[in-house]
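Observations on the three-dimensional arrangement
The primary structure of each chain is shown beneath.
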Amino acid sequence: MIKAIKGFNDILPDQSAKWLHLEAILADVLGRYGYEHIRLPIVEQTDLFARAIGGATDIVEKEMYSFTDKSEPPTPLALRPEGTAGAVRAVIEHNLLRGDTPKLWYIGPMFRYERPQKGRYRQFHQLGVESFGSALPDADAELIAMTHLMWQELGLNNEMRLQLNSLGELDERYAYREALVTYLTDKKEQLDEDSKRRLTTNPLRILDSKEASTQAVLANAPKLADFLGEESVAHFEQVKAYLTVLNIDFEINPHLVRGLDYYNKTVFEWVTDKLGSQATVCAGGRYDGLVGQLKSIGTDGSKPVKSEPGVGFAMGLERLLLLIEAVAPIADIPACDVFVVAHPDVYGAGISYAQNLRHSRPDVRVKMASATSLKAQMKKADKSGAALTVIIAQQELDDNTISIKDMQTGEQKTVAQDWLSNTDNFSRR
C-alpha cells in the first residue's frame, strides 16, 4: 500500500471543516484591519531563502527541501520553509511598494525536514502577515493588537501570554554578539552540544536554548538591552506605550530572539502553557533591512540599495488547532444542514427540490445520496449530521408537500413544499 510520506499528513473532512472555520475567523479579523490576501508559490529559488534567512541558520543548513529543476543550466529550487521571504520577493517583483504601503496576508503549507511530532510536521501550515512601508512603532503595535483580537474571537484570550524583546539594529546586535561569544567561549564546556555548535554559527540562538545547564550559564551573560542605541530604545518604549493604551498585557523576555537573520528592533511571541514544550503559537517582529537585502541580489554592490521597512508575524495553524481543542474545542461541523431523500421512482423531483432549495436558501447546505432505496438513503441521512431530513415520495408529490424529519428528536411532520424557504421555520445552526 502506498501511504503518505512521514510528516506529510492528510487532513480528512471531519477535521478540514474545523480548519475552514478557523481560517474564516482569522480572515475576518484581517479584513477588519484592511489587510489584503496574496497567494504565493510554494517553490522559490534556493538563493532567496539563503540570502533572506541566513546561510548559517538551522533552516538553510539542515531543514530545507532543496532540489534542482530540469532547466539548462539547472536552477536550485526549494520548497518554502517560511513565507516572509517569498512575500518580500513578490512585493519587489511587482512594485507593490511604489506609492503604497501594502498590508498583506497569506496562508498555506510550509516545508521543513525535521523530526515529526504532534503539532510539528514536515509539511505544516501557517498564516503569515506582512506590513510594509512604515518604520514607526505603531505598525508593530497594530500587528500585536490584531493577534490579540484573534485570540478573543477564538476564545483563547486567557490562554496566551505576550512576550516582547528588542533586537536593536544590526550594528548593535553585532556588538552584543561579540560580547556574548567572548563570554560563552570561556564557558563552552558547560553548554549543551547544540549550543556549542551555534557558538560559531548563530550564537544568539543559544539564548532560547531549552537546556537547563545552558540557561544557568546565560544567567550572568551580557544583556542585549545594554547594547541598544537611543533610537532603538525609544522605538521599543513607544511600542510598549501603545500596548498599554490598548490594555494588552506583556512581559519582557530578554532571551527572545529569532532564528532568522533578517529581524531587527521589535520581536514578539504569543506563548501558552497548554501545549507543553511547544509553547509558541505566534511569532513575529520587524525586518527593516530585508527588502534592501533582497533587492541587492544580482547587483555588484557598488551602489547602495534603498530598503523599505517591514514588520510581520507567522502563526502555526496545526499548533493553534491543538490549543483550541485543548481549551475551547470547535464543535463538530456536519457536512450539511438538510438532507433530501427521494424515492427512486420520483428521484428527479427530489433533485429538482434540492436544487430549488439551494437557490432560495443559499445559507443552507443541502445534500443528497444516490437514487438507491429509501432505507439506504435514510441511513446516509442519519450519518450526515444534518439537522433535518426532507423525504419525498409519490404521496408528497400528489399532495404538493414534503415530509420533514427532525434528526435530533426523530419527530416527523408533513408541511408545504415551500416550508423551508421561510427562514422563520429553519435557520442554519
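Model, not experiment: these values are computed from the prediction.

Points about the overall build of the chain
Scanning the chain from terminus to terminus reveals 14 helices and 16 strands. If one aligns the C-alpha atoms of the chain with their principal axes, the spans along those axes are about 90 × 55 × 50 Å. Sorting the 429 residues of the chain into buried and exposed places 48% on the buried side. Considering only contacts within the chain whose residues lie at least 6 apart along the sequence, 70% involve residues at least 24 apart. A total accessible area of about 21400 Å² is found for the chain, and carbon and sulfur atoms account for 51% of it. Charge-centre separation for the chain: the mean point of 49 positive side chains lies 5 Å from the mean point of 59 negative side chains.

Here we look at the sheet that holds strand S5 (residues 103-111)
By definition, the strands of a sheet pair up through backbone hydrogen bonds, in either a parallel or an antiparallel sense. Strand order in the open sheet formed by 8 strands is S1-S5-S6-S11-S10-S9-S7-S8, and the pairing between neighbours is mixed. In this open sheet, the two edge strands, each paired with only one partner strand, are strand S1 (36-37) and strand S8 (251-252). Pairing of S1 with S5, which is carried by 2 bridges, proceeds in the parallel orientation. Its bridge partner lying in S5, Glu36 is registered against Leu104.

Details of the nonpolar core
If you look at the biggest cluster of nonpolar residues, it comprises 44 residues, and the most contacted ones within it are Phe132, Leu180 and Leu184. Looking at this core, the elements that each hand over two or more residues are helix H2 (46-53), helix H4 (84-93), S5, strand S6 (123-132), helix H6 (170-185), helix H8 (212-218) and helix H10 (290-295). Residue contacts for Leu184: discarding those within four places in its chain leaves Leu191, Leu199, Ile206, Val217 and Leu218. By size, the runner-up hydrophobic cluster in this structure holds 42 residues, among which are Leu26, Cys282, Leu317 and Leu320.

Regarding the packing of helix H1 (residues 13-32) against helix H11 (residues 317-327)
Contact geometry of H1 with H11 gives a least axis separation of 11 Å together with a crossing angle of 100°. Classified by the angle between their axes, H1 and H11 sit roughly perpendicular to one another. Residue-level inspection shows Lys18, Trp19, Leu22, Glu23 and Leu26 of H1 in contact with H11, the latter providing Leu317, Glu318, Leu320, Leu321, Ile324 and Glu325. Residue composition of the contact of H1 with H11, by class: 7 nonpolar, no polar and 4 charged.

Describing helix H13 (residues 374-384)
Looking at H13, one finds that the buried residues are Gln377, Met378, Ala381 and Ser384. An end-on view of H13 places all buried positions within 110° of arc, on one side of the element. Counted as exposed and oriented over 90 degrees from the buried face of H13: Lys375, Lys379 and Lys383. Each element contacted by the buried residues of H13 is listed here: strand S12 (338-342), helix H12 (347-360), strand S14 (388-392) and strand S15 (401-406). Gly385 sits one or two positions beyond H13 and adopts a positive phi of about 85°.

A closer look at the environment of Leu246
Structurally, the position occupied by Leu246 is in the loop between helix H9 (230-245) and S8. Each C-alpha atom of the pair Leu246 and Ala145 lies 7.6 Å from the other, and the pair is 101 residues apart in sequence.

Looking at the sheet that holds S14
Pairing in this open sheet of 5 strands is mixed, and the strands run S13-S12-S14-S15-S16 from one edge to the other. With one partner strand each, in any of the chains shown, strand S13 (366-368) and strand S16 (412-416) form the two edges of the open sheet. With strand direction ignored, the average angle separating the axes of adjacent strands in the sheet is 30°. On top of the sheet, H12 reaches S12, S13, S14 and S15; it is set at about 165° to S13, its chief contact. Most of the contacts of H13 go to S12, to which it runs at about 175°, and overall it touches S12, S14 and S15.

Describing the side chain of His148
Positionally, His148 belongs in helix H5 (residues 137-154). Apart from residues no more than four positions distant in its own chain, His148 is found in contact with Asn157, Ile248 and Trp270.

Comments concerning the confidence of the model for the chain
For the chain, the mean per-residue pLDDT works out to 92, and 97% of the residues sit at or above 70. When mean pLDDT is compared element by element in the chain, S1 scores highest at 98, while helix H3 (residues 58-63) scores lowest at 78.

Conventions adopted
- Residues numbered from 1 in each chain as written.
- Predicted model: local features only at pLDDT ≥ 70, side-chain atom pairs only at ≥ 80, totals over all residues.
- Heavy atoms only, no water.
- Helix = DSSP H or I, 4+ residues; strand = E, 2+ residues; numbered from the N terminus.
- Buried < 20%, exposed > 50% of the residue type's maximum accessible area, 1.4 Å probe, protein only.
- Contact = heavy atoms within 4.5 Å.
- Areas by Shrake-Rupley, 256 points an atom, 1.4 Å probe, with all protein chains shown as cover.
- Lys, Arg positive; Asp, Glu negative; His and termini not counted.
- Charge placed at Lys NZ, Arg CZ, Asp CG, Glu CD.
- Pairing = 2+ DSSP bridges.
- Core = buried A, V, L, I, M, F, W, Y, C linked by side-chain atoms within 4.5 Å.
- Axes fitted to C-alpha atoms, helices over the stretch in contact; angles between N-to-C directions.
- Parallel < 35°, antiparallel > 145°, perpendicular 65-115°, else oblique.
- Nonpolar A, V, L, I, M, F, W, Y, C, P; charged D, E, K, R; others polar.
- Arc of directions from axis to C-beta.
- pLDDT = per-residue confidence, 0-100.

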